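Results of the structural survey
Spelled out from the first residue to the last, the chains are:
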Amino acid sequence: FGTWTVGCGDCKDEQDAVGAFVTDPANLSCQSDDDCRVVHTGCKTYRGICEQSQLNSAAASSQEWASLIEELGDCESGSECGHCGALLVPGCSRGYCGGRP
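In this report, we go over the structure that sits alongside the text.

The rules behind the values
- Residues numbered from 1 in each chain as written.
- Predicted model: local features only at pLDDT ≥ 70, side-chain atom pairs only at ≥ 80, totals over all residues.
- Heavy atoms only, no water.
- Helix = DSSP H or I, 4+ residues; strand = E, 2+ residues; numbered from the N terminus.
- Buried < 20%, exposed > 50% of the residue type's maximum accessible area, 1.4 Å probe, protein only.
- Lys, Arg positive; Asp, Glu negative; His and termini not counted.
- Salt bridge = Lys/Arg side-chain N within 4 Å of Asp/Glu carboxyl O.
- Expected span 1.5 Å × (residues − 1).
- Arc of directions from axis to C-beta.
- Contact = heavy atoms within 4.5 Å.
- Disulfide = S-S within 2.5 Å.

Examining the side chain of Glu 14
- Examined against the element boundaries, Glu 14 turns out to sit in helix α1 (residues 12-23).
- No salt bridge is formed by the buried Glu 14, whose closest oppositely charged neighbour, Lys 12, lies at an N-O distance of 9.7 Å.

Put into structure tokens, the structure is as follows:
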């Protein structure tokens, strides 16, 4: 049996889960720019800029995404994240929000 420590500062599992979600082609498929949404990805940047990434509307509003980002937020709570003022603009390119994964 393993030991579970809350707030231990290592968010690798949560970051890996968010990373897998935001790089899954099914969560990125789109027909037009209107199909894409910008989401905040915690303290890490995956496929975007400034801790932002793109998902299609269905993925961005899904319960799975809400759970993943809530778990990540709980883990990163109190962490010092780098912040920048750049804003990612959602866009569909070659059938994927943000381009090919």
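Notes on α1
- Over its 12 residues, α1 runs 16 Å from end to end, which matches the ideal 16 Å to within 8%, given 1.5 Å per residue.
- Regarding α1, the residues found buried are Glu 14, Gln 15, Val 18, Gly 19, Phe 21 and Val 22. Considered in projection along α1, the buried side chains sweep an arc of 165° and stay on one side of the axis.
- Taken together, the buried residues of α1 touch β2 (52-56), α2 (57-60) and α3 (63-76).

Examining the state of the cysteines
- Applying the stated rule across the entire model yields three disulfides.
- Residue Cys 30 pairs covalently with Cys 92 via a disulfide, S to S 2.1 Å. Residues Cys 30 and Cys 92 share a disulfide whose torsion about the S-S bond is about 95°; that sign makes it right-handed. Pair noted here: Cys 30 is in the loop between α1 and β1 (36-40) and Cys 92 is in strand β3 (residues 92-93), with a separation of 62 residues, a long-range link.
- Relative accessible area serves as the criterion here: at 7%, Cys 30 is assigned to the buried category.

Considerations on the pattern of salt bridges
- A full pass over the atoms with the stated rule returns one salt bridge.
- The shortest N-O distance in the salt bridge between Lys 12 and Asp 16 comes to 2.8 Å. Residue Lys 12 and its partner Asp 16 are located together in helix α1, separated by four residues, close to a single helical turn.
- Judged by relative accessible area, which is 37%, Asp 16 ranks as partly exposed.

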